[in-house]
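# Descriptive analysis of the structure
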Amino acid sequence: MSDPDLLERGLRPTSATGSRWRRRTPKVVSSQRTGAKIPLALLIPAIVGIAFLVLPMVGLLIRAPWSELLVRLAEPEVGQALRLSVFTATLATLASMVLGIPIAWVLARSAIRGRSILRALVTVPLVLPPVVGGVALFLVLGRRGIIGAWLYDTFGFSLPFTTTAVVIAETFVAMPFLVISVEGALRAADARFEDAAATLGANGWSTFRRVTLPLVAPGIAAGAVLCWARALGEFGATITFAGNFPGTTQTMPLAVYLALQNDPEAAIVLSLVLLVVSLATLTLLRERWLTRAR
Amino acid sequence: MNLTVRQLLAVVAALFLALTACGGGKDVPAADSTGEESSAAAPSENTLSGPLTVFAGASLTDVFTELAELFTADHPDVEVTFNFGPSSGLATQINQGAPADVFASANTSQMDVVTQDGSAAGEPTVFTENVLQIAVPAGNPANIADLADFANPDLTLAICAPRVPCGAAAETVFAAAGITPSVDSLEEDVRAALTKVELGEVDATLVYVTDVIAAGDSVEGIDFPETEEAVNAYPIVTLAAAPNPDAAQAWVEFILSDVGAAALETAGFRSP
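### Quick word on the overall build of chain B
Helix and strand content of chain B: 9 helices and 10 strands. The long-range share in chain B, meaning contacts at least 24 apart out of those at least 6 apart in sequence, stands at 79%. Of the accessible surface of chain B, which amounts to about 12800 Å², a share of 54% is contributed by carbon and sulfur atoms.

Here you go:
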């Protein structure tokens, strides 16, 4: 790896011993990048792509009954669903990080056999229709499920139709996004830093904690954002495995879907609320990451 | 080419306008071709032909699919295609200009949405009825006996959400029986409620008799007297913008015939 590459990652030894690495913003490199010309072959599909992604949202904004917006926001059920959504999506993201980062490490760094099969298995929730995912969760964790039946018979405890079930359903669907992002970041990161740390006597865990984690922090952050956004919008697995009850399991997407049944305008307003909250959260977090990185 | 975000958005907006303009241009030849088709099909009465698009409530899926085979046996040149879904969604699609010939709604309120919009041709006719039944997993493990069991907080129970038709009907029967249900989940549709019964994850739910019959052996139905308070009527109508009005009329008459009534009865529907 050449010197400019190191600069680009914002990594530099902070002391002569070189045992600790600190992040630093590479100002020169980044200002050169943003001034680049956009080739026409990239510009045109980019414009079409932006239109494709943004116009449906514009459609929602045009159709939104703005006068109703404040009235809807004041409804206790809306606040309840919104709080539950943000709360469960955040817990699902934390759970995904605790379980998903180690999976990504195993996929990127370990030499175990059948790694590609493992990767395919881990990403199954991405291709599975979420409602089927919800049924699959029933078959394992439901009160007649493989593990759930034992829980129910031993402790009289049943997971479905609880807030915990919402978090489980969201984690199941959203975690692969985090795993893929972090694995990509780990593969792109230079493993020689880890080798160096090991040479200097750090054990596996402390190398991971003090070298690998800071190295792939941007990848983890990007994965966590994707994961959180996916969890926030989760519908199929949640309504199947956790059911739908205001206050315990009714998240915003469920409220939106049910409103769509007989009150499309309310559904649009609720969608906008969800959209605004997620955009605001993501923008704020991004700001914090950027400022922290500097 | 140095573009600011503002310039980029301007290009996107221009593109949007260009696309919508294209869409408008294409409408003209399309209107011409449908005009030709209807004038060619009009004179002959017995020889129906062409595609016939039927929008029908999801609960009619099995029985309408079966009836379509009998219908095309009589009219081999007609190709029946269905759009099954929640009646509310279908009503929205029809009012938005979906090219449908017939609308069979699973309730009168969504039919009203279509007739009030002026999308229906003539008056809708109620062709069948459906009532609620208690659905329990095979063997009835929780020993559900009647509607009063829905007030038991120790049971795991689900009913449809009040916003969807089966939920509105459930509210009506509970009100009639004077029962406050203690439920764990308000399901988005009949299918979602039945799935949870089939898996044994809920002890009971309220769905239509036809749903219990369609679910087969994994679900048992229990009748209850208050069900008469929420009889669900199914109206059918031909649509004003029907591309194939003659076939549409024939389909409605076929559904109202003895053949149609017999098939509906086998599926658990009852005559109005």
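### Quick notes on the overall build of chain A
Helix and strand counts for chain A stand at 16 helices and 2 strands. Per-residue burial for chain A yields a buried fraction of 38% across its 294 residues. The long-range fraction of contacts in chain A, counting pairs at least 24 apart against all pairs at least 6 apart in sequence, stands at 69%. Only carbon and sulfur atoms are counted for the fraction: they give 68% of the accessible area of chain A, which is about 16100 Å².

### Here we look at the pattern of salt bridges
Any two side chains of opposite charge can pair if their charged atoms end up close together. Evaluation of the coordinates by the stated rule reveals 10 salt bridges over all chains. A salt bridge links Arg192(A) to Asp190(A); the shortest N-O distance between them is 3.2 Å. When its relative accessible area of 13% is taken as the criterion, Asp190(A) is described as buried. Of the charged contacts in the structure, one is a salt bridge between Glu228(B) and Arg270(B), with a shortest N-O distance of 3.1 Å. Taken as a pair, Glu228(B) in the loop between β9 (219–222) and β10 (232–239) and Arg270(B) in the segment after α9 (258–266) lie far apart in primary sequence, 42 residues in all. Via salt bridges that share partners, Arg119(A), Glu183(A) and Arg187(A) belong to a single interconnected network.

### Brief notes about the confidence of the model for chain A
All names here are of chain A. In the predicted model, chain A carries a mean pLDDT of 84, and 86% of its residues have values of at least 70. Helix α1 (residues 3–8) is the least confidently modelled element of chain A, averaging 42 in pLDDT, while helix α10 (residues 163–188) averages 95, the highest of any element. Of the regions scoring below 50 in pLDDT, residues 1–32 engages in 39 contacts with residues more than four places distant in sequence or in other chains.

### Topic: the interface of chain A and chain B
Taken residue by residue, the interface counts 33 residues in chain A and 30 residues in chain B. The tally of links between chain A and chain B comes to 1 salt bridge. The shortest N-O distance in the salt bridge between Arg143(A) and Asp203(B) comes to 2.5 Å. Counting every contact that joins chain A to chain B gives 9 residue pairs in polar contact (both at pLDDT 80 or more). Broken down by secondary-structure element, the contributors of at least two residues to the side of chain A that touches chain B are α3 (40–63), α8 (130–141), α14 (236–241) and α15 (252–262) of chain A. Top contributing element to the side of chain A that touches chain B by residue count: α3(A), with 7 residues.

### As for the packing of helix α12 (residues 204–215) of chain A against helix α13 (residues 217–232) of chain A
Between α12(A) and α13(A), the least distance of the axes is 4 Å, while the angle of their chain directions is 60°. Taking contact as the criterion, the partners of Leu213(A), Pro214(A) and Leu215(A) in α12(A) are, on α13(A), Ala217(A), Pro218(A) and Ile220(A).

### A look at the sheet that holds strand β6 (residues 157–160) of chain B
All names here are of chain B. One open sheet accounts for 5 strands, arranged β7-β6-β8-β5-β9; its pairing is mixed. Every other strand in the sheet has two partners, leaving β7 (185–187) and β9 as the edge strands with one partner each. Each strand axis lies, on average, 35° off the axis of its neighbour in the sheet, ignoring direction. Relative to β9, strand β5 (residues 132–137) runs antiparallel, the two sharing 4 bridges. Within the sheet, the bridge partner assigned to Ala135 lies in β9 and is Gly221. Against the sheet, helix α5 (residues 165–177) contacts β5, β6 and β8 (204–208), and its axis sits at roughly 110° relative to β8. With respect to the sheet, helix α6 (residues 190–198) is in contact with β5, β6, β7, β8 and β9, its orientation differing from that of β8 by roughly 140°.

### So, the packing of aromatic side chains
All names here are of chain B. Counted under the stated rule, the structure contains 16 aromatic pairs over all chains. Between Phe64 and Phe127, the aromatic rings sit 6.1 Å apart at their centres with planes inclined by 35°, giving tilted as the arrangement. Note that Phe64 is positioned in helix α2 (residues 61–74) and Phe127 in strand β4 (residues 120–130), a separation of 63 residues in sequence. Phe127 shares its class with Phe64; the two are buried.

### Considerations on the domain arrangement of chain B
Split by domain assignment, chain B resolves into domain 1 (48–129 + 233–266) and domain 2 (132–230). Between the C-alpha centres of domain 1 of chain B and domain 2 of chain B there is a distance of 28 Å.

### Describing the state of the cysteines
Residues and elements named next belong to chain B. In this structure the tally under the stated criterion is 1 disulfide over all chains. The residue that forms a disulfide with Cys160 is Cys166, at a sulfur-sulfur distance of 2.0 Å. Judged by the torsion about the S-S bond (-95°), the Cys160/Cys166 disulfide is left-handed. Here Cys160 and Cys166 have matching classes, each one buried.

### Re the nonpolar core
Counting 51 residues, the largest nonpolar core has Phe241(A), Ile134(B), Leu147(B), Phe150(B), Phe174(B) and Leu206(B) as the members making the most contacts within it. Looking at this core, the element that brings in the most residues is α5(B), giving 5 residues. Ignoring any residue separated from it by four or fewer positions in sequence, one finds Leu147(B) in contact with Ile134(B), Val173(B), Phe174(B), Ala177(B), Ile179(B), Leu206(B), Phe224(B) and Glu226(B). Core analysis: the next-biggest nonpolar cluster, separate from the first, contains 40 residues, Met175(A), Phe208(A), Cys227(A) and Ala231(A) among them.

### Side note on the sheet that holds β4(B)
As a general point, the strands of a sheet are linked pairwise by backbone hydrogen bonds and lie either parallel or antiparallel. All names here are of chain B. Pairing is mixed across the open sheet formed by 5 strands, whose spatial order is β2-β1-β3-β10-β4. A strand with exactly one partner marks an edge of an open sheet, and here the two such strands are β2 (78–85) and β4. With direction set aside, neighbouring strand axes in the sheet form an average angle of 20°. Pairing analysis gives 8 bridges linking strand β1 (residues 50–57) to β2, with the strands arranged parallel. Directly across from Thr53, in β2, lies its bridge partner Thr81.

The rules behind the values
Residue numbers restart at each chain and count upward from 1, following the sequence in its written direction. Here chains are named by letter from A upward and ligands by number from 1 upward, in the order in which they appear as written. This being a predicted model, a pLDDT of at least 70 is required before a residue's local features are given, and a value of 80 or more before pairs of side-chain atoms are given or counted; all residues contribute to the totals for chains, interfaces and linings. The basis for every side-chain value is the complete set of non-hydrogen atoms in the structure, without hydrogens or water. Helix and strand definitions here come from DSSP, where helices need a minimum of 4 consecutive H or I residues and strands a minimum of 2 consecutive E residues; each element is numbered from the N-terminal end. Any pair of residues with heavy atoms lying within 4.5 Å of one another is described as a contacting pair. In this description, accessible areas are obtained by the Shrake-Rupley approach with a 1.4 Å probe, and a residue is regarded as covered only by the protein chains that are shown. Exposed residues in this analysis have more than 50% of their type's maximum accessible area, buried residues have under 20%, and partly exposed residues fall in between, with area computed by a 1.4 Å probe over protein chains only. Salt bridges are identified by distance alone: a Lys or Arg side-chain nitrogen within 4 Å of an Asp or Glu carboxyl oxygen. Along the chain, pLDDT gives the predictor's confidence residue by residue, from 0 to 100. We call two N or O atoms a polar contact when they sit within 3.5 Å, provided that within protein one can donate a hydrogen and the other can accept it, with sequence-adjacent residues counted only if both atoms are side-chain atoms. Between the N-to-C directions of two axes lies an angle of 0 to 180 degrees, each axis being a line fitted to C-alpha atoms and, for a helix, fitted only over the stretch in contact. Pairing between strands requires that DSSP locate at least two bridges from one strand to the other. Under the pairing criterion, centres of Phe, Tyr and Trp rings, with the six-membered ring standing for Trp, must be within 6.5 Å; the plane angle then separates stacked pairs below 30 degrees from edge-to-face pairs above 60, leaving the rest tilted. The domain limits used here are those given by an automatic or database domain assignment. The rule for a disulfide is simple: a pair of cysteine sulfur atoms within 2.5 Å. The criterion is simple. A nonpolar core is a set of buried Ala, Val, Leu, Ile, Met, Phe, Trp, Tyr and Cys residues joined through side-chain atoms within 4.5 Å.

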